[in-house]
Amino acid sequence: MCAWTMLADSDMSPVYTLPLVLCALVMCYLQVRHPLRAWRKFGKCQKVIQHRPGGGKYFGVALKSVGLLAVTDDENMCIHLLRIDGALVRSIGKGMLGSGDLGGITFDLKGNVWVADKGYKNVLKLSQDGRLLRTIDHASSKSDYVNCPNGVSVSPEGLVYICDSGNHRVTVHDEESRFLFAFGSKGSGPGCFDEPRDVAFGSDGLVYVTDRGNSRVCVWFKVGSFQRDFKTKYAPTYIAATADNHLLITSCIFDFVMVYTLGGQLVHEFGGRGSDPGRFKGPCGISVDDSGAVYVADFGNKCVQVF
């Protein structure tokens, strides 16, 4: 319930009341726009999506606000663009993508698709009709090669963050693929990574990176300075941030999705090994739409599950 009733009954002067009224209106809007989820009870599969009967080996998944879903398919070596009801719009990237080892995927602010190609050791930017727009295969110099990129995410400001897993760092580029800076290095101490896998941008403005080898999430400022880290129950793979200050983290090895607060508290876990809806065989990419629905790329069961 909003604080409107309390303010209406208060005896405070208008000088103090107006800011509180504005604050209350903002809080009410946020609660309606992004209602809090009952994360401790979360985990019932609502539907299963496949681009065709039998599906594909889906690894990455991303959502565009207009109701478009993108998945990387290791089996067919392409990207499928689908409506959220599961209907296939088109498949793109055939002949451009690598040798059966695709990674994460995301949309940028203009609706273009960025995909991490571990097989070819690069990240591609494609238009929705399949035109190749940009390729990133190096960082600070032509000889500073990207090695096994796993995750790619676009910040609210439009910058491209790449988890360069083989080099144990995150590289940051502008929308034209120009290198800006990198952060992280090999190790287990603060500010280090052991195969970072994915990046998400929290509602607090911070950058959250899954550090699979160290079984933790590392938290950074967007400019690349380290803030803190926290351990995860299972080795993390991919990550998504929600509007109500939570993180959803897949563990491909242990077949679970973990729910954490931004502060690093484990709230809930769901999944487990199996082929029934709600169970996983290698959950990888994860994404959340504007309504709060959660999409998980279930690699082994060859589908996307929606919760």
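Being a predicted model, the structure only gives us computed values, none of them experimental.

This next bit is on the overall build of the protein. Scanning the protein from N- to C-terminus turns up 2 helices and 24 strands. Nonlocal contacts in the protein, meaning residues at least 24 apart in sequence, comprise 44% of its contacts between residues at least 6 apart. Here the protein has roughly 13600 Å² of accessible surface; of this, 54% comes from carbon and sulfur atoms.

Moving on, we get to the sheet that holds strand 14 (residues 196–201). The strand order across the open sheet built from 4 strands is 14-15-16-17, with neighbouring strands paired in antiparallel fashion. Strands at the two margins of the open sheet, each flanked by one partner only, are strand 14 and strand 17 (226–231). Between one strand axis and the next, the sheet turns through 20 degrees on average, direction left out of account. In the sheet, strand 14 pairs with strand 15 (residues 207–211) via 5 bridges, with the strands oriented antiparallel. Considered in strand 15, the bridge of Ala200 is made with Tyr208.

Before going further, it helps to examine the nonpolar core. Judged by nonpolar contacts, the single largest core of 17 residues is most densely connected at Trp39, Phe270, Ile286, Val294, Val296 and Phe307. Mapped by element, the contributors of at least two residues to this core are strand 20 (256–261), strand 21 (266–271), strand 22 (283–288) and strand 23 (294–298). Among residues more than four places away in sequence, those in contact with Val296 are Thr250, Val257, Phe280, Pro283, Gly285, Ile286, Cys303, Val304, Gln305 and Phe307. Counting residues in each nonpolar core, the second largest holds 15 residues, with Ala70, Ile105, Phe107 and Leu124 among its members.

This next bit is on the sheet that holds strand 11 (residues 160–164). The sheet built from 4 strands is open, its strands ordered 10-11-12-13 with antiparallel pairing. Two strands close off the open sheet at either side, each with one partner strand: strand 10 (149–154) and strand 13 (179–183). Neighbouring strand axes in the sheet, compared pairwise and without regard to direction, differ in orientation by 20 degrees on average. Sheet topology note: the strand 11/strand 12 (residues 169–173) ladder contains 5 bridges and is antiparallel. The residue bridging Ile162 from the neighbouring strand is Thr171, located in strand 12.

Let's shift gears to the pairing of strand 20. For strand 20, a buried count of 5 out of 6 residues is recorded, marking the element as mostly surrounded by other parts of the structure. Here strand 19 (residues 246–251) folds back onto strand 20 in antiparallel fashion, the turn holding 4 residues, of which Asp255 has a positive phi close to 65 degrees. Bridging between strand 20 and strand 21 involves 5 bridges; their strand directions are antiparallel. Each bridged residue has a counterpart across the sheet, and for Phe256 the counterpart in strand 21 is Gly271. The antiparallel pairing of strand 20 with strand 21 creates a hairpin that spans 4 residues between the two strands, and Gly264 there sits at a positive phi of about 100 degrees.

With that settled, the discussion passes to the packing of aromatic side chains. Note on aromatic pairs: each is described by the distance of the centres and the angle between the planes. Scanning all chains against the criterion turns up 16 aromatic pairs. Judged by centre distance (5.5 Å) and plane angle (85 degrees), the ring pair of Phe59 and Tyr238 falls under edge-to-face. Residue Phe59 is found in strand 2 (residues 58–64), and its partner Tyr238 is found in the loop between strand 17 and strand 18 (239–241); the two are separated by 179 residues along the sequence. One exposure class covers both Phe59 and Tyr238, and it is buried. Taken together, Tyr161, Phe183, Phe193, Phe201, Trp220 and Phe226 form an aromatic cluster joined through their ring pairs. Above the plane of the ring of Trp39 lies Arg37, whose end atom (NZ or CZ) is 5.4 Å from the centre. Directly above the ring of Phe59 sits Lys118, whose terminal nitrogen or CZ lies 4.1 Å from the centroid.

Here we come to the confidence of the model for the protein. With 88% of its residues at a pLDDT of 70 or more, the protein has an overall mean of 90. A low-confidence stretch, residues 1–10 stays under pLDDT 50, and its non-local contacts, those more than four residues away or across chains, total 8 contacts. Low confidence marks residues 19–34, where pLDDT is under 50. Its contacts with residues over four positions away, or in another chain, come to 13 contacts.

Moving on, we get to the environment of Ser275. Among the structural elements, Ser275 can be located in the loop between strand 21 and strand 22. Residue Ser275 is classed as exposed on the basis of its relative accessible area, which comes to 52%. Remark: the alpha-carbon pair of Ser275 and Lys302, spanning 27 residues in sequence, is separated by 9.8 Å. Contact partners of Ser275, with chain neighbours within four places excluded, come to Lys281 and Asn301.

Okay, the pattern of salt bridges next. On inspection of all chains with the given rule, the structure shows 17 salt bridges. Between Asp101 and Lys118 there is a salt bridge whose closest N-O contact spans 3.2 Å. With Asp101 in the loop between strand 5 (88–92) and strand 6 (102–107) and Lys118 in the loop between strand 7 (113–117) and strand 8 (122–126), the pair connects residues that are 17 residues apart, well separated along the chain. In this structure, the salt-bridge partner of Lys233 is Glu269, at a minimum N-O distance of 2.8 Å. Here Glu269 lies in strand 21 and Lys233 lies in the loop between strand 17 and strand 18, a separation of 36 residues in the sequence. For Glu269, a relative accessible area of 22% puts it in the partly exposed group.

Conventions adopted
- Residues numbered from 1 in each chain as written.
- Predicted model: local features only at pLDDT ≥ 70, side-chain atom pairs only at ≥ 80, totals over all residues.
- Heavy atoms only, no water.
- Helix = DSSP H or I, 4+ residues; strand = E, 2+ residues; numbered from the N terminus.
- Contact = heavy atoms within 4.5 Å.
- Areas by Shrake-Rupley, 256 points an atom, 1.4 Å probe, with all protein chains shown as cover.
- Pairing = 2+ DSSP bridges.
- Axes fitted to C-alpha atoms, helices over the stretch in contact; angles between N-to-C directions.
- Core = buried A, V, L, I, M, F, W, Y, C linked by side-chain atoms within 4.5 Å.
- Buried < 20%, exposed > 50% of the residue type's maximum accessible area, 1.4 Å probe, protein only.
- Phe/Tyr/Trp six-rings, centres within 6.5 Å; stacked < 30°, edge-to-face > 60°.
- Lys NZ or Arg CZ within 6 Å of the ring centre and 35° of its normal.
- pLDDT = per-residue confidence, 0-100.
- Salt bridge = Lys/Arg side-chain N within 4 Å of Asp/Glu carboxyl O.

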